[in-house]
Amino acid sequence: MGICMGTMRLLTLTAYKNQLQMRIQGVTENLMGIQSQLDELVTMGADLDPDSDTLKDLKIKKEELNLVEKKLEQMQKQFQAQIEAVNQEINACQQMLSNDIQSGIFGYSLGGR
């Protein structure tokens, strides 16, 4: 791969990595919001009669929020795995660029005279 193509690939990978990091940040913010809602539900349910319909509704809502929380955690893990793969590709691309630059420098110095 030439230096120009390698640089373009590196920039593309870096942009994709940044995009994944932003997605993780969004998921993390959503997880924090869900945790806050779960805490509120627990607080609200503490004073209710164990047999009340309101408490049963709160328990259903808590279960729904727990499912959403698990899905978000799974998404977060997937994004992390994608970032690890992108990091490996970035490292390989940087190594290839370094090799291309080194061979270009030596090629010019040896062939130029």
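Structure first, text after, so check above.
A quick note: this is a predicted structure, and the numbers were derived from the prediction, not measured.

Asks: Requested: an account of the overall build of the chain, with residues and values cited.
Replies: Broken down by element type, the chain carries two helices and zero strands. Across its three principal directions, the C-alpha atoms of the chain cover 90 × 15 × 15 Å. Scored against the burial criterion, the 113 residues of the chain give a buried share of 20%. Taking contacts inside the chain between residues at least 6 apart in sequence as the whole, the part at least 24 apart equals 83%. Accessible surface, the chain as shown: approximately 8400 Å² in total, 56% of it carbon and sulfur. Both charge centroids of the chain, one from 11 positive and one from 15 negative side chains, sit 11 Å from each other.

Asks: Please provide a residue-by-residue account of the state of the cysteines, values included.
Replies: Taken as a whole and judged by the stated rule, the model has zero disulfides. In this structure C93 is not part of a disulfide, and its nearest cysteine sulfur, from C4, lies 12 Å away. Accessibility expressed as a relative area gives 3% for C93, which makes it buried.

Asks: So what about the environment of E89? Which residues, and what values?
Replies: For E89, the position within the fold is in helix α2 (residues 53-111). Overall, the relative accessible area of 34% leaves E89 in the partly exposed class. With 80 residues separating them along the chain, E89 and R9 place their C-alpha atoms 9.6 Å apart. Every residue in contact with E89, bar those within four places of it in the chain, is listed here: R9 and L13.

Rules behind the numbers
Residues numbered from 1 in each chain as written. Predicted model: local features only at pLDDT ≥ 70, side-chain atom pairs only at ≥ 80, totals over all residues. Heavy atoms only, no water. Helix = DSSP H or I, 4+ residues; strand = E, 2+ residues; numbered from the N terminus. Buried < 20%, exposed > 50% of the residue type's maximum accessible area, 1.4 Å probe, protein only. Contact = heavy atoms within 4.5 Å. Areas by Shrake-Rupley, 256 points an atom, 1.4 Å probe, with all protein chains shown as cover. Lys, Arg positive; Asp, Glu negative; His and termini not counted. Charge placed at Lys NZ, Arg CZ, Asp CG, Glu CD. Disulfide = S-S within 2.5 Å.

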